[in-house]
Amino acid sequence: MSQTDNIDDSSAPLIEHLTELRSRLIHSVVAFLIGMIICFTVATPIFNFLTAPLCQVLSERGQDCDLIFISPQEGFFVAIKVSLLGGLILSFPYIGLQMWRFVAPGLYNSEKGAFLPFLIASPFMFLLGSSFAFYVVTPLAYDFFLGFQQFGAEGEAVAEGAAAPLSVVFQGSAQEYLNLTIKFIVAFGMCFQLPVLLTLMGKAGLVSAEGLGAVRKYAVVAILVLAALVTPPDVITQVILFVVVYGLYEISIFLVRRVETKREAKLRAEGYYDDEDDEHFDDPLMAEFDEDDKADK
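Residues numbered from 1 in each chain as written. Predicted model: local features only at pLDDT ≥ 70, side-chain atom pairs only at ≥ 80, totals over all residues. Heavy atoms only, no water.

The name recorded for the chain in an unreviewed UniProt entry is Sec-independent protein translocase protein TatC, from Aliisedimentitalea scapharcae. If you open the UniProt record of the chain and go to Function (unreviewed entry), you find "Part of the twin-arginine translocation (Tat) system that transports large folded proteins containing a characteristic twin-arginine motif in their signal peptide across membranes. Together with TatB, TatC is part of a receptor directly interacting with Tat signal peptides." The record held by UniProt for the chain lists under Subunit (unreviewed entry) the comment "The Tat system comprises two distinct complexes: a TatABC complex, containing multiple copies of TatA, TatB and TatC subunits, and a separate TatA complex, containing only TatA subunits. Substrates initially bind to the TatABC complex, which probably triggers association of the separate TatA complex to form the active translocon." (UniProt positions renumbered as here; feature names shortened; annotations may be inferred.)

Structure below.
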């Protein structure tokens, strides 16, 4: 067989994988578009739901919850943004299923059992983070922002030559409010993926609990920078995000340590762990361990 024939034979599986990937991507895009169209038809109720934190704060201050459009096309773009967010949330389970069906055939049985829980945990943690942002962080942030309103003294006589009391009250743009709220939801939803990501990396041997603990001080600085970038310039929301993300980092260290403990126990039970050297394994033993994984397929 010629060298050209070898190249052609080896390229066939790659073409098949690319064809399957294209099919999965098309299915995912179609699912997203369907979810977006569904949410576009009910964009107004969804937007009204998203305004609940603002309306709650305004109600406590005795103000009406009225948002305005400052440009003719703003209402349309608000509906589009609501549809994008809703379409992504609705279609995410199906998109995750397509991802799983694409990668699952290339995994061993042991790897499937390890990867599937993380695939399930990821949307759950995103929903948990988004809910925390919407029901806890967002009302606190808007309460802080709206505290800078200035109300003029109504009904009071103004001395001759004196300036009338200045009244500056909130009349928010619907699009600006939606942009800020979505920023909160997405930022906290992504930050809550930290335990899932680090635990999965620990499962793959890319990070260790000892290594994560050693860079803890750098992680603190990175989290502070993240809090300053993804939250508005108020101390309350920045402190909340820092505390939450740092807590998730410590939880990640605990989870990675559990993964390492289970891996060590399995290796000890199968006779592959060297008691004289707890930190290193001989390559032939690890190769044999990989062969056992292949046999599980």
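Now that the structure has been shown, we can carry on.
1. Looking at the overall build of the chain
Scanning the chain from N- to C-terminus turns up 11 helices and 0 strands. Each helix and strand of the chain, placed in order from N terminus to C terminus, yields the pattern α-α-α-α-α-α-α-α-α-α-α. The burial tally for the chain puts 31% of its 297 residues in the buried class. Across the chain, every contact between residues at least 6 apart in sequence was considered, and the portion connecting residues at least 24 apart equals 74%. When the accessible surface of the chain is summed, it comes to about 18,300 Å², and 65% of that surface belongs to carbon and sulfur atoms. (Helix = DSSP H or I, 4+ residues; strand = E, 2+ residues; numbered from the N terminus. Buried < 20%, exposed > 50% of the residue type's maximum accessible area, 1.4 Å probe, protein only. Contact = heavy atoms within 4.5 Å. Areas by Shrake-Rupley, 256 points an atom, 1.4 Å probe, with all protein chains shown as cover.)

2. Brief notes about the pattern of salt bridges
Here the structure, examined in full by the defined rule, presents 3 salt bridges. Two residues, Arg61 and Asp143, come together in a salt bridge whose shortest N-O distance is 3.1 Å. Here Asp143 lies in helix α5 (residues 109-146) and Arg61 lies in the loop between α3 (52-60) and α4 (74-103), a separation of 82 residues in the sequence. The partly exposed category is assigned to Arg61, whose relative accessible area is 32%. For Asp143, a relative accessible area of 35% corresponds to the partly exposed category. (Salt bridge = Lys/Arg side-chain N within 4 Å of Asp/Glu carboxyl O.)

3. A closer look at helix α6 (residues 174-191)
Taking 1.5 Å of rise per residue, the 18 residues of α6 would be expected to cover 26 Å, and the 26 Å separating its terminal C-alpha atoms lies within 8% of that figure. Every buried residue of α6 is listed here: Ala174, Gln175, Tyr177, Leu178, Thr181, Ile182, Phe184, Ile185, Ala187, Phe188, Gly189 and Cys191. (Expected span 1.5 Å × (residues − 1).)

4. Overview of the UniProt feature "transmembrane region" (unreviewed entry) in the chain
Under the feature "transmembrane region" (unreviewed entry), the UniProt entry names residues 29-50, 76-95, 115-137, 180-202, 214-230 and 236-256. Overall, residues 29-50 shows 95% helix and 0% strand. The separation of its end C-alpha atoms is 25 Å. For residues 76-95, the helix share is 100%, the strand share is 0%, and the end-to-end C-alpha distance is 27 Å.

5. Thoughts on the packing of aromatic side chains
The description of an aromatic ring pair rests on the distance of the ring centres and on the angle between the ring planes. Taken as a whole and judged by the stated rule, the model has 8 aromatic pairs. Seen in terms of ring centroids, Phe76 and Phe77 are 5.6 Å apart; in terms of plane orientation they differ by 70°. Their pairing is edge-to-face. Taken together through their ring pairs, the aromatic side chains of Phe49, Phe134 and Tyr135 make up a single cluster. (Phe/Tyr/Trp six-rings, centres within 6.5 Å; stacked < 30°, edge-to-face > 60°.)

6. Side note on the state of the cysteines
Enumeration according to the criterion identifies 1 disulfide in this entry. Each disulfide pairs two cysteine sulfurs, and for Cys55 the partner residue is Cys65, the sulfurs being separated by 2.0 Å. The sign of the -65° torsion about the S-S bond sets the Cys55-Cys65 disulfide as left-handed. Of the two residues, Cys55 sits in helix α3 while Cys65 sits in the loop between α3 and α4, which places them 10 residues apart along the sequence. For Cys55, a relative accessible area of 25% translates into the label partly exposed. (Disulfide = S-S within 2.5 Å.)

7. With respect to the side chain of Thr51
Turning to its location among the elements, Thr51 is positioned in the loop between α2 (43-50) and α3. Overall, the relative accessible area of 7% leaves Thr51 in the buried class. Excluding residues within four positions of it along the chain, Thr51 makes contact with Leu67 and Tyr177.

8. As for the nonpolar core
By size, the foremost hydrophobic cluster in this structure holds 19 residues, and its most contacted members are Val137, Phe184, Phe188, Phe192, Leu241, Val244 and Val245. Elements that contribute at least two residues to this core include exactly α5, α6, α9 (216-230) and α10 (235-269). The contact partners of Val244, leaving out residues within four places of it in the chain, are Phe132 and Phe192. The next biggest cluster of nonpolar side chains, apart from the first, holds 12 residues, and it includes Ala43, Leu50, Val78 and Phe134. (Core = buried A, V, L, I, M, F, W, Y, C linked by side-chain atoms within 4.5 Å.)

9. Re the environment of Thr41
Within the element layout of this structure, Thr41 appears in helix α1 (residues 3-41). On a C-alpha basis, the gap between Thr41 and Ala79 in space is 9.0 Å, while along the polypeptide they are 38 residues apart. In terms of polar contacts, Thr41 uses its side chain to reach the backbone carbonyl oxygen of Ile38, at 2.5 Å. (Polar contact = N/O pair within 3.5 Å; in protein donor to acceptor, adjacent residues only side chain to side chain.)

10. Notes on a positive patch on the surface
A cluster of basic side chains, namely Lys203, Arg258, Lys262, Arg263 and Lys266, defines a positive patch on the protein surface. The biggest single contributor to the positive patch is α10, with 4 residues. Note on placement: Arg263 falls in helix α10. What makes Arg263 partly exposed here is its relative accessible area of 32%. (Patch = residues over 30% accessible without salt bridge, like charges linked within 9 Å, V, L, I, M, F, W, Y side chains within 5 Å. Lys, Arg positive; Asp, Glu negative; His and termini not counted. Charge placed at Lys NZ, Arg CZ, Asp CG, Glu CD.)

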